[in-house]
Amino acid sequence: MHRHFACLLAIYGACAHAQIEASAPAQKVVISGARTDVEASQDFVAGKIIIGQKKIADSGLQNTGELLRREPAISVDKSGRVGLLGLPGYTQVLVDGQAPAGDTMNIDLVRVERIEIAKTTTAATGPFGIAGTINIVLRKAQRKTSSRLHGNVRTEGGKKGMDLTWTATDVTDGSFSHTFTLSRWRRLSSAHSDYVQTSERPGRGVVREYDGKAHVPGLFESLNANSVLAWTLDASHTLTFSPEIARYRSDNDSDEQRRWVTGLSASATQTSKTPTKNLYLPLLWNWRIDTDSSLALKLVASGSRSDSRLRRDELWSPGGPRQRVHEQDRSTRNYSLDLDYALDTEDGHRISAGAKFARNDSDSSYIDLVDGRPDPSLAVLGPETASHLTSARLFIQDEWRINRRWAVNLGASGERRRYRLVEGPASSRPRFKLWSPSAHVSHRIGGNRKRQLRASLARSYRTPFFDEMLLRPTINPYAPCPALGLCGANGIDLADSSGNPALRPERSLGLNLSYAHGFGRDSEVSLEFYARDISDKNGLDVALVEVPWASVPRYVARQANLGQARVRGLDLEARLAGKDFSPTLSNLELSGSIGLADSTLSELPGPDNHIPGQSPWRAKLGGSYSLQSLPLKLGFDASYLPEDWVRSSINQRVYESSRRTLNLNASWNASKTTVLRLNLDNLLQRRTSRIDEYLERDSLVRLSTWNTHHARFVVRFETSL
C-alpha cells in the first residue's frame, strides 16, 4: 500500500508542474443558503456530503439519529448503529469538529446547522475515522428574533412517548444574539424474545438443553437546556459561549424464565435504573486577522455523573431464591484546548494548522452484593477504578486549487496518548503514538465541477475506549459465583465479559477512488471504490483464561487484537431532484444507494471470517412528492440487509436474519406558521432471528433466539409563536 502514497504524490507533482491553465484564486468554501447541498459539496477535494439546513427542516424528523439513518451514504447495521462504508464501529462522529460529550444520535435537529460527511481521513479531522467522519455542526449566532415550538407524540408496541422542544432567539442591534433551547422527551419501549439452546456431539446428534423467554420493557427520559450567546465584538472578533446541561434517565426492567430438560428451572426479575447528569461548557473565540487568515481558539470543560442501580431477584428450582445487587457511581471530567489557524494565499492554497490538548478522567466506585453480603469474587479488584487519559495532537493541511481542473489536499496529523488505568491492586499505563499522513486529489473533467474524479489515501486509527481496557468483569448470571469464595467454572456459552488492558490500537491504510456526476443544481450520482488494510484488528474473543475472580480458568469474552483485516467495497449512490430533469417532475425527489462489501480476517478460518456488522451487500431507497393541489408532501424510505453468518472468533460464529425497513411520512403545511407531520416507521419487520454457535472441545453449542419488533407511529407539529 505504500506504493499508493507514491502514486498520489507523483500525481501531485505532475499536476503542479503541468499547469497549462492559469492558477485559480484562493478558494474559500462557504456554505450559503443560495447554494444547494450538492453544489456546496462539489468544492471539497477529499469529497464531502452536506446535509444542509433546508433538508434538515424538510425532513420532519426529531433528532440526528433519525436523519442519518435515512441518508443514502450512511449504513445502518442490524443492531441499529450508523456508520460509513458498512463499518459503523470505524466511523468517527464529531460535534463542531470535537469529540462529543454525550449521545450524538439524540441531538435535537432544531440545534443543528448542517451535517458534513466524509468517507476518508483528512489531517483536519485527525487520525481517527477509518471509515470516515460524520461532523454535526450546531447553530451559532442567529440573525433575527424568533420563537418556535416543536413536539410529537408516538406509540410503539402499545407504549407511548412524547418529545417537546421550545427554542427562542433574541437579537440585539446585530452585535449580540441569544438562543435558548429547552427540550424534554420521554419514550417507552418493549422487547420480547424466545430462545432455545441445543448441543451436538459426535455419535449423539442434536440434544435440546434448555429453552426460555424474556420480556424487557424500557423507559428513556431526557431534560436538556442549552444556550448560545454570541457577541460580535468588532469586525474582526466574535465570541460564542454555548453552555448545556442535561439530565437523562434510563430504566430497563426484565422478566425472564428458563427451563432445562434436566428439570432445573430459573426465573429472574431484574430492575435497572441509570440517571445521568451532563454539563458542557464550550467557549469559542474567532479572530479574523485579515481578509486571508483567521484564528480560532476553543476551550471546553465538561463532566457527567451517573448512579446506576441494578437488582436481580432469581428463583432456582431446586435451589431457592437468590438476590444480586450491583451499584456503580461514575463521574467523568473532560478538558480540552483547541487552536486552529487558516490562511488563503493568492496562488490557490488554503493552509490550515492546529493543535489540541485534552485530559479525560473517569472514576467509578462499586457495590456488589449477593444475598446482602459483599460479592467476594469482585472484591479482589477493589471497590474503585480510575481511568485517566492525556492527549496532544498537531496537524497541518494544504488544500490547493491548482487550476480549473486539478486540486490536491495534502496533510499530516499526529497524536500522542497516555493512559493510566487503576483497578485496586492492578494498574497499567498504555501509551500510543499515532501518525496519520493523508493525500487527496480531485480532477474536474473538462473543468466541469459537476464531473469529478477523486482519489484519496490516508493512514488512520481506532483506539480503545476505557471500558474496553478495564479488567473488571460482568459475571454471567447463569454461571453464578458462590456467596463465599471465588467463582468456579463456566461454559463457553456462559462466558463472563471483561476488558483487556493490553489492547492495542487498530491501524489502517485506506484508499478511496470515486467518480461523481452532477445533473442540474441538486442531483448527483457517484460511484466509489474503497479499500482498507487494517493491522491489529480488534474483535471479540472468547477464551478459557485464568482470571483473578475465579479459582479455576473461566471462559471470558473480551476485545483482543486478532491480526490483519482486508476490506474491499463498492458504493453506488444517487440524489435526484426531478426539477433538474423536467418541469413536470419538479415535485419529485429520489435518493438511494447500493453497497457491495467483502472483508477477510487473516487469523480466523473462512468462509464467514468477515468484519462483524458489515453486510455483503446493502440497499436503500427513498423519495418524496409534493402535491400541487394541496400543501401536502408525501415521502418514504426503505432499506434491506441480507442474512449472513459472521465468525467473530476461532470458536464462535453468529447468524443474523435479513433486516427490512419501510418508513412512510407525510407533511402538511396547515398555515404559514404551523406544520403537521405523520411518520409511520418499521412497517415491515416483525420478527428477526439470531443464532450463536460455540465450539467447545468436541461439542457444538447452538443458541437460537427470536426477537419481536414493533411498528412506530409518530405525530409531530412545528409552530412559530
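**Q** Even after reading the chapter, I still don't get the layout of surface pockets, so can you show me in this structure?
**A** Regions of empty space are outlined by a rolling probe, equal in size to a water molecule, passed over the atoms. If you add up the space inside the second largest pocket, you get close to 160 Å³. Lining the second largest pocket are Ala597, Asp598, Ser599, Thr600, Pro607, Asp608, Asn609, His610, Gln614, Ser615, Pro616 and Trp645. Per-element tally for the lining of the second largest pocket: the top contributor is strand 29 (residues 588–601), with 4 residues. Residue composition of the lining of the second largest pocket, by class: 4 nonpolar, 6 polar and 2 charged.

**Q** Honestly, a negative patch on the surface in this entry has me stumped. Any pointers?
**A** Together, Asp290, Asp292, Glu346 and Asp347 make up a region of like negative charge exposed at the surface. Mapped onto the fold, Glu346 is located in the loop between strand 15 (320–344) and strand 16 (349–370).

**Q** I tried to follow the state of the cysteines on my own but got confused; where do I start?
**A** Simply put, disulfide is the name for a covalent bond between the sulfur atoms of two cysteines. In the structure shown here, the tally under the stated rule is 1 disulfide. Across the disulfide from Cys481 sits Cys487; the S-S distance is 1.7 Å. Across the S-S bond of Cys481 and Cys487 the torsion is about 90°, and the bridge reads as right-handed. Classification of Cys487 by relative accessible area gives buried; the value is 0%.

**Q** So what exactly am I meant to see when it comes to the packing of aromatic side chains here?
**A** Two measures describe an aromatic ring pair: the distance that separates the ring centres and the angle between the ring planes. According to the stated counting rule, one finds 13 aromatic pairs in the structure shown. Judged by centre distance (6.0 Å) and plane angle (25°), the rings of Trp260 and Trp316 are stacked. Taken as a pair, Trp260 in strand 12 (residues 244–260) and Trp316 in strand 14 (residues 293–317) lie far apart in primary sequence, 56 residues in all. Ring geometry for Trp316 versus Tyr478: centroids 6.1 Å apart, planes at 65°, classification edge-to-face.

**Q** Explain the nonpolar core to me, please; I cannot follow it from the model alone.
**A** In a soluble, globular protein the nonpolar side chains are often hidden away together inside. In this structure, Val112, Ile115, Ile117 and Ile611 are the most contacted members of the largest nonpolar core, which totals 34 residues. Once you skip the residues sitting within four places of it in the chain, Ile611 turns out to touch Leu87, Tyr90, Ile534, Lys537, Ala565, Val567, Ser599, Leu601 and Val646.

**Q** Sorry if this is basic, but what is going on with a positive patch on the surface here?
**A** Taken together, the side chains of Arg416, Arg418, Arg420, Arg429, Arg431 and Lys433 define a basic patch exposed on the protein surface. Broken down by secondary-structure element, the contributors of at least two residues to the positive patch are strand 19 (406–423) and strand 21 (431–444). When residues of the positive patch are assigned to their parent elements, the largest contribution, 3 residues, is made by strand 19. Structurally, the position occupied by Lys433 is in strand 21.

**Q** Just checking my understanding: could you explain the sheet that holds strand 26 (residues 538–545) for this structure?
**A** Two strands in a sheet stick together by hydrogen bonds in their backbones, pointing the same way (parallel) or opposite ways (antiparallel). Strand order in this open sheet of 3 strands is 23-27-26, and the pairing throughout is mixed. In this open sheet, the two strands that pair with only one neighbour each are strand 23 (496–497) and strand 26. Taken together, the 2 bridges between strand 23 and strand 27 (residues 554–561) define a ladder with parallel strand orientation. Within the sheet, the bridge partner assigned to Asp496 lies in strand 27 and is Val556.

**Q** I'm lost on the sheet that holds strand 4 (residues 91–95) in this one. Help?
**A** With mixed pairing, the 4 strands of this open sheet are ordered in space as 1-5-6-4. Lying at the two open borders of the sheet, with one neighbouring strand each, are strand 1 (49–51) and strand 4. For this sheet the average axis-to-axis angle between neighbouring strands, irrespective of direction, equals 15°. The pairing of strand 5 (residues 112–118) with strand 6 (residues 132–138) spans 6 bridges and is antiparallel. Each residue of the ladder has a partner; that of Glu116, found in strand 6, is Asn135.

**Q** Can you walk me through unusual backbone geometry in this structure?
**A** Leaving glycine out, the prevailing phi sign among residues is negative, and the prevailing peptide bond configuration is trans. Across the junction of Ser317 and Pro318, the peptide omega takes the value -5°, indicating a cis bond. Within the element layout of this structure, Pro318 appears in the loop between strand 14 and strand 15. In this structure, the amide linkage connecting Gly606 to the following residue, Pro607, adopts the cis form with an omega of 10°. When you line up the elements, Pro607 lands in the loop between strand 29 and strand 30 (617–626). Even without being a glycine, Asp536 presents a positive backbone phi close to 55°. Its place among the elements puts Asp536 in the loop between strand 25 (523–535) and strand 26. Its identity is not glycine, yet Asn682 carries a phi of approximately 55°, on the positive side. Here Asn682 is to be found in the loop between strand 35 (674–681) and strand 36 (687–696). Look at Asn682 and you get buried, because its relative accessible area is 18%.

**Q** Before we go on, may I ask you to explain the pattern of salt bridges in this structure?
**A** It is possible for side chains of opposite charge to pair when their charged atoms get near one another. One pass over the structure, following the stated rule, counts 61 salt bridges. One salt bridge in this structure joins Arg148 and Glu718, with 3.9 Å as the shortest N-O distance. Of this pair, Arg148 sits in strand 7 (residues 146–156) while Glu718 is found in strand 38 (residues 712–720), placing the two residues 570 residues apart along the sequence. For the salt bridge of Arg472 with Asp368, the shortest nitrogen-to-oxygen distance reads 2.7 Å. Of this pair, Arg472 sits in the loop between helix 6 (466–469) and strand 23 while Asp368 sits in strand 16; the two residues are 104 residues apart in sequence, bridging distant segments of the chain. Each member of the pair, Arg472 as well as Asp368, carries the same accessibility label: buried. Shared partners join several salt bridges into a network, and the residues in it are Lys55, Glu71, Lys119, Glu528, Glu573 and Arg575.

Reading the values: the criteria
Residues numbered from 1 in each chain as written. Predicted model: local features only at pLDDT ≥ 70, side-chain atom pairs only at ≥ 80, totals over all residues. Heavy atoms only, no water. 1 Å grid on protein atoms, 1.4 Å probe; cavity = no way out; pocket = protein on both sides within 12 Å on 5 of 7 lines; lining within 4 Å. Points joined across faces, edges and corners; volume = space filled by probe spheres on them. Helix = DSSP H or I, 4+ residues; strand = E, 2+ residues; numbered from the N terminus. Nonpolar A, V, L, I, M, F, W, Y, C, P; charged D, E, K, R; others polar. Patch = residues over 30% accessible without salt bridge, like charges linked within 9 Å, V, L, I, M, F, W, Y side chains within 5 Å. Areas by Shrake-Rupley, 256 points an atom, 1.4 Å probe, with all protein chains shown as cover. Salt bridge = Lys/Arg side-chain N within 4 Å of Asp/Glu carboxyl O. Lys, Arg positive; Asp, Glu negative; His and termini not counted. Charge placed at Lys NZ, Arg CZ, Asp CG, Glu CD. Disulfide = S-S within 2.5 Å. Buried < 20%, exposed > 50% of the residue type's maximum accessible area, 1.4 Å probe, protein only. Phe/Tyr/Trp six-rings, centres within 6.5 Å; stacked < 30°, edge-to-face > 60°. Core = buried A, V, L, I, M, F, W, Y, C linked by side-chain atoms within 4.5 Å. Contact = heavy atoms within 4.5 Å. Pairing = 2+ DSSP bridges. Axes fitted to C-alpha atoms, helices over the stretch in contact; angles between N-to-C directions.

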